[in-house]
Amino acid sequence: MTEIYAFIFCLGLGIAARLLYMAASALAEKTDIFPVTVVLDISVTAFVGGAFAAYVILSSAVIAPYMFAALAAGYLITFMLTRNATAKKRTN
């Protein structure tokens, strides 16, 4: 059962990572300042990496390849669903 929980958590974390990245990108476009963009990118990475590390440490889960695959799959699924909205926004 713990493998299922780990898979679901990592899938959700991948989805959250994409949504957080979209929000950070929108904020960076509004400010249009390079240091703000760098700080937002670092904070998104720290949030996702910290959440992943905290889950592994607190649940005593063994790090397995499926966890990374679920994280990437969650990000990719959300990217595919939001790709058209992002492309339309940039062309306007």
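Residues numbered from 1 in each chain as written. Predicted model: local features only at pLDDT ≥ 70, side-chain atom pairs only at ≥ 80, totals over all residues. Heavy atoms only, no water.

(A) Structural detail: a nonpolar patch on the surface. A cluster of nonpolar residues, Met1, Ile4, Tyr5, Phe7 and Ile8, forms a patch on the protein surface that exposes about 550 Å² of accessible area. Residue class for Tyr5 comes out partly exposed when judged on its relative accessible area of 48%. (Patch = residues over 30% accessible without salt bridge, like charges linked within 9 Å, V, L, I, M, F, W, Y side chains within 5 Å. Areas by Shrake-Rupley, 256 points an atom, 1.4 Å probe, with all protein chains shown as cover. Salt bridge = Lys/Arg side-chain N within 4 Å of Asp/Glu carboxyl O. Buried < 20%, exposed > 50% of the residue type's maximum accessible area, 1.4 Å probe, protein only.)

(B) Layout of the packing of aromatic side chains. Under the counting rule described, the total for this entry stands at two aromatic pairs. Consider the rings of Phe9 and Tyr55, whose centres lie 4.4 Å apart with planes at 15 degrees: the pair is stacked. Here Tyr55 lies in helix 2 (residues 34–59) and Phe9 lies in helix 1 (residues 2–31), a separation of 46 residues in the sequence. Taking the relative accessible area as the measure of exposure, Phe9 reaches 30% and is therefore partly exposed. Measuring from centroid to centroid gives 5.2 Å for Phe52 and Phe68, while their planes differ by 45 degrees, and the two rings are tilted. On the criterion of sequence distance, the pair formed by Phe52 in helix 2 and Phe68 in helix 3 (residues 65–91) is long-range, its members being 16 residues apart. (Phe/Tyr/Trp six-rings, centres within 6.5 Å; stacked < 30°, edge-to-face > 60°. Helix = DSSP H or I, 4+ residues; strand = E, 2+ residues; numbered from the N terminus.)

(C) Layout of the nonpolar core. Listed in full, the eleven residues of the largest apolar core are Ala6, Cys10, Leu13, Ala17, Val48, Phe52, Tyr55, Val56, Met67, Ala70 and Leu71. Contributing elements (two or more residues each) for this core: helix 1, helix 2 and helix 3. The residues touching Val48, leaving out its near neighbours within four places in the chain, are Leu13, Ala17 and Leu71. (Core = buried A, V, L, I, M, F, W, Y, C linked by side-chain atoms within 4.5 Å. Contact = heavy atoms within 4.5 Å.)

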